[in-house]
Amino acid sequence: MIGFWDRLRILPRFFYRILQGRGRNTGDEIREEFWETDFSKPGKTRFDIKSENAYDAYLLKGAGGKTRNSALALGLKKSACLAWVEGSGYHCGDMVLKARLRLDCKGGYGAAGIIFRQIDEGTYYMVLLSSGGHFRLDVVRNNTPLALIGWTECDAPASAGAMELTIIARGARMLLLINGRWAGEIDDASIAQGHLSFALASYRAGQTGETTYVAEAFLDYLSVDTRVAVVEARAWDISTGKNPVPRESRLRLAGTFAAMGQSVPALVQLQKLWESSGRGQEDLLLAARLAQVLEHYDEAEEYIGAALALSGGDPANSGILAEEKAKILYARGRRTELRDYVAEVLKTHGPSVVLLTLLGHAFWELGNYQEAGSAYDRAFELDSKNGLLAANAANVYDLLGEREKALDRYLAAGRSYLEMDNYGDLGTLIPKILALGRDRWEAHALAGKWAFGIEDWETADKEFKLAGTLQKKAGIPAKDPALCFLRGLLLIRQGKRRKALPLLEEAARLAPDYGLFYFRLAETRYLLDNNPADPRLRADLEKALSLSDEAGETWGWANNLAAQLSLAEGNTEAAAEYLEKAATALGERPPVLVNRAVYQYLRGFLDKALAILDTDRGLDTEGLMANCAGNLLVRSERLEEAHTWYQRALAIAPDNQEFLINCASCLIKMGQYGEADTLLARAHSHAPSPAVLELITYVAVKKGEYYRAESACNAALELDSAHVPSLRSLGWLFCTSRRWDEAGAILARLEALTCSEEDVEHREELQRRILEGTTQLIPCAACGRTWRIPLDPPPVSFLRLVAMPPDEIPAGTCPSCGTSYCIGCAKEHVDTGGRFTCPNCGKPLKLINEGLKKIVADWAAGALPDPPSTTGC
């Protein structure tokens, strides 16, 4: 038992520990203290170090395993991801935080930093330093992020080595220093206090091959000082200029606020800049622009005037300043002054898009329309990608009644908008373009492209057809590759992929250096014939790969298609190489993951394949991954599970043609023809295609609905006259109904097509069935020689032989036993009258079968000598 005096000796040490801040922290209390990290052991770090699926967190020992230079390490396993290691409950409000960190993005792009005043996963402040040499500060409240300071350039990129970050937080005031230099400041009172975390974000993975992590960050040092006197002293030193703020840093921050649309905070930074280091041209120009945004035109004009005075008339600088002054004059409605000022500046500084545009505005509002059109034209000549300039000129010429000029400018504006994917502004021009150019194929082609871009397929089809008709009427050859390409894509959407093929080929011919056209051409060839060894397909794919920018979108999709072809051929080694390149360009997109899953399946790992497809359901926004899982399970004959996956895919995309077909095919294998028929009817109503109609044919036959099956085949052949499966099915239907002539016509059409080996086998099978249904095989009972004759041969007229036929010709049939013999075998059995007899019955052989008689008659016709000539010498 502890006595009274013993308790007295313990109390001073107990209070001393409290005063020194070494008592137990409950996690919510805020104390005035200074502490530094100790990364020698997890229990000393004040961080909850644990790993998750997307990242690993661990302590990194120094060289030789020493603890002195240890660090907290954080490694991300995937890109487009943010992760952090949370502090273990020590709360901070006002503080001076110093951190030294390193960042390795493996050739990609990412950022690392500190989260502070964190209340939970959805509420905190975060400072990040990027591998590209920028920093940012965000506040997140209730999972809603808000940028307080957007990406702003700092003096040294994080990838150059260790970066030192200092955060001074005092109430709502936050100051940031990077490598000891002032970088930014902001006032925000959203969050008063919270704990710390070490954060890492990866925005884009690098191209350094397979590594464990796409990005790593290391926190080498961290100290936090929450003593009020220290915090106030540091903040005071910066606010009073004791620690001077670099001019370029203040200007960068002002530029960031301006880019964020925060005009007032940007002007505040400029005012502080001028107080410490005076005015300069760059900051005065920025101030003038900010004042215009705020509609403070007096201040804007004063700022730009001061900037012009500093420029000394230097054309390199004063040109931009003159443009800004012209904008102010226009905003203030001083048209005449603007016209005269711009005209003078153009004489001394040369042409300028901005000045010519403003001059056009001045002329327009002054009623000088011809001069306005000329000014807009000159501006568009300098900037041919700015469709607004051409549209302005078109409006002028339309007002003046110069229709051809107006239409040409509208078309030029429309092409510029189309190139920029600006379908909104393009849509406002389309009615004018069609009104002025109803007889011009270019007008309808542009209207079709606009309709295609906004997914108005019906209008696009109508306008493309009109454009084609007008081209043919005028005798103009196809010269617009984009028009051919889009018409082809439209036909594909309509289920007419084979009809689209010539258009895609023409697009590639007209634009031989455009990789996207070759990629879609290769993809179409593969989807049509499913022949990965097709030399034309391979040649198109090689062009797509060679013409596309490496690591670009088209290059990535071309590699993904190359992987798909390799998988179809069973070449998993080549597929793995292509998949790696596709992932580099496209990232973790569903089509790439689908091929990766097929790759694992072909290696014998179905479970791994399904795991890839089931990792993140939120990623499968189009249902591609669920559909692939169903396909793999069907190939593994696990039909019930496959049906479940197909249902998941259809829940995501209920009208997807491929999903409906695959699910119906699975139900057909399961014998559920009624439900399959319902799905196929849905697929046909959304987008008729030969593939859907072929399955409808199969189901109709299974249900005994032969007339419906024939109708489905004919409908499929109307969409694609060379659709081999539908031709084959129609041929078999004709055989079933014993319409042999029509079946023979189908066989002739199949023989005229280039078919795969599998299709050739099916064609030969149909040919055998037609022969079996229309002919019979009669053998020689002695030697086995056979003759194929029609089942119901027509009668042969009286036959008279003048010579002995060869041995292979039929000698006849025994009327008693019904056996037939060739002449070669029958010569051994001749009666006294010189007639062939049956070796079994001894009765004379007779040519009683009209088919055998026809064979003899044909030989006789060929054996007769030519009739003598009736003309003289």
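Just so we're clear, the structure is a prediction, and the values are computed from it rather than from any experiment.

Observations regarding the packing of helix H24 (residues 624-635) against helix H25 (residues 639-652)
The description of two packed helices rests on the angle between their axes and on the distance between the axes.
Item 1. In contact at an axis separation of 8 Å, H24 and H25 are set at 165° when each is read in the N-to-C sense. With respect to each other, H24 and H25 are oriented roughly antiparallel. In the crossing of H24 with H25, the sense of the turn from one axis to the other is left-handed. Counting all contacts with H24, which are made through Ala 626, Asn 627, Ala 629, Gly 630, Asn 631, Leu 633 and Val 634, the residues of H25 involved are Leu 639, Glu 641, Ala 642, Trp 645, Tyr 646, Arg 648 and Ala 649.
Item 2. Taken together, the residues that form the contact of H24 with H25 break down as nine nonpolar, three polar and two charged.

Things to note about the pattern of salt bridges
Item 1. Applying the stated rule across the entire model yields 55 salt bridges.
Item 2. The salt bridge involving Arg 136 is made with Asp 138; its shortest N-O contact spans 2.6 Å.
Item 3. Between Lys 327 and Glu 324 there is a salt bridge whose closest N-O contact spans 3.7 Å. Taken together, the residues Lys 327 and Glu 324, both in helix H7 (residues 315-331) and three residues apart, mark about one turn of the helix.
Item 4. With a relative accessible area of 3%, Glu 324 lands in the buried category.
Item 5. Salt bridges linked by common partners bring Arg 173, Glu 185, Asp 187, Arg 250 and Lys 272 together as one network.

Quick notes on the packing of aromatic side chains
Item 1. According to the stated counting rule, one finds nine aromatic pairs in the structure shown.
Item 2. On the numbers, 4.7 Å between centres and 85° between planes, the contact of Tyr 514 with Phe 517 is edge-to-face.
Item 3. With relative accessibility at 6%, the residue Phe 517 sits in the buried group.
Item 4. Of the aromatic side chains, those joined through ring pairs into one cluster are Tyr 109, Trp 151 and Tyr 203.
Item 5. The ring centre of Trp 35 lies 4.3 Å from the NZ or CZ of Arg 46, which sits over that ring.
Item 6. Across the ring face of Phe 605, the terminal group of Lys 608 is positioned such that the distance to the ring centre comes to 4.5 Å.

Some points on the packing of helix H9 (residues 353-366) against helix H10 (residues 369-382)
Item 1. The geometry of H9 relative to H10 is characterised by a closest axis approach of 8 Å and an angle of 165° between their N-to-C directions. One element, H9, and the other, H10, form an angle in the roughly antiparallel class. Seen from above, H9 lies across H10 with left-handed handedness. Seen from H9, the contacting residues are Val 353, Leu 356, Thr 357, Leu 359, Gly 360, His 361, Phe 363 and Trp 364; seen from H10, they are Tyr 369, Glu 371, Ala 372, Ala 375, Tyr 376, Arg 378, Ala 379 and Leu 382.
Item 2. Counted by class, the contact of H9 with H10 contains 11 nonpolar, three polar and two charged residues.

Some words on the confidence of the model for the protein chain
Item 1. Overall, the predicted model of the protein chain reaches an average pLDDT of 88, with 92% of residues at or above 70.
Item 2. pLDDT under 50 marks residues 869-873. Its contacts with residues more than four places away, or in other chains, come to zero contacts.

Considerations on the environment of Arg 682
Item 1. Structurally, the position occupied by Arg 682 is in helix H27 (residues 673-686).
Item 2. On the basis of relative accessibility, which here comes to 32%, the residue Arg 682 falls in the partly exposed class.
Item 3. Along the primary structure Arg 682 and Leu 579 are separated by 103 residues, whereas in three dimensions their C-alpha atoms are 34 Å apart.
Item 4. If we skip the residues at most four places from it in the chain, Arg 682 touches Pro 654 and Leu 660.
Item 5. Within the local environment of Arg 682, its side chain forms a polar contact with the backbone oxygen of Pro 654, the two atoms lying 2.6 Å apart.

Concerning the environment of Leu 399
Item 1. For Leu 399, the position within the fold is in helix H11 (residues 387-399).
Item 2. Take Leu 399: its relative accessible area is 49%, and that puts it in the partly exposed class.
Item 3. Residues Leu 399 and Thr 775 lie 376 residues apart in sequence; the distance between their C-alpha atoms is 80 Å.

Comments concerning the state of the cysteines
Item 1. In the structure shown here, the tally under the stated rule is zero disulfides.
Item 2. Looking at Cys 105, it has no disulfide partner, and the nearest cysteine sulfur is the one in Cys 81, 13 Å off.

Focus: the nonpolar core
Item 1. The biggest cluster of nonpolar side chains holds 87 residues, and the ones touching the most others in it are Ile 433 and Leu 541.
Item 2. Leave out the neighbours within four places in its chain, and Ile 433 touches Leu 407, Tyr 410, Leu 411, Ala 443 and Leu 446.
Item 3. Core analysis: the second largest hydrophobic core is formed by 82 residues, Leu 59, Leu 165, Ile 186 and Ala 266 among them.

Considering the environment of Leu 366
Item 1. By the element assignment, Leu 366 lies in helix H9.
Item 2. A sequence separation of 25 residues divides Leu 366 from Tyr 341, and the C-alpha atoms of the two residues are 15 Å apart.
Item 3. Ignoring any residue separated from it by four or fewer positions in sequence, one finds Leu 366 in contact with Arg 335, Thr 336 and Arg 339.

Here's the deal with the sheet that holds strand S8 (residues 134-141)
Item 1. Here we have six strands laid out as an open sheet, ordered S4-S13-S6-S7-S8-S9, and antiparallel in their pairing. Each of the sheet's edge strands pairs with one partner strand only, and the pair in question is strand S4 (81-86) and strand S9 (144-153). Here the average twist between neighbouring strands, direction ignored, is 20°.
Item 2. Bridge analysis of S8 against S9 gives seven bridges, and the strand direction is antiparallel. By the bridge assignment, Leu 137 is partnered in S9 with Ile 149.

Here is what the cut-offs are and how they apply
Residues numbered from 1 in each chain as written. Predicted model: local features only at pLDDT ≥ 70, side-chain atom pairs only at ≥ 80, totals over all residues. Heavy atoms only, no water. Axes fitted to C-alpha atoms, helices over the stretch in contact; angles between N-to-C directions. Helix = DSSP H or I, 4+ residues; strand = E, 2+ residues; numbered from the N terminus. Parallel < 35°, antiparallel > 145°, perpendicular 65-115°, else oblique. Left-handed = near helix turned anticlockwise from the far one by under 90°. Contact = heavy atoms within 4.5 Å. Nonpolar A, V, L, I, M, F, W, Y, C, P; charged D, E, K, R; others polar. Salt bridge = Lys/Arg side-chain N within 4 Å of Asp/Glu carboxyl O. Buried < 20%, exposed > 50% of the residue type's maximum accessible area, 1.4 Å probe, protein only. Phe/Tyr/Trp six-rings, centres within 6.5 Å; stacked < 30°, edge-to-face > 60°. Lys NZ or Arg CZ within 6 Å of the ring centre and 35° of its normal. pLDDT = per-residue confidence, 0-100. Polar contact = N/O pair within 3.5 Å; in protein donor to acceptor, adjacent residues only side chain to side chain. Disulfide = S-S within 2.5 Å. Core = buried A, V, L, I, M, F, W, Y, C linked by side-chain atoms within 4.5 Å. Pairing = 2+ DSSP bridges.

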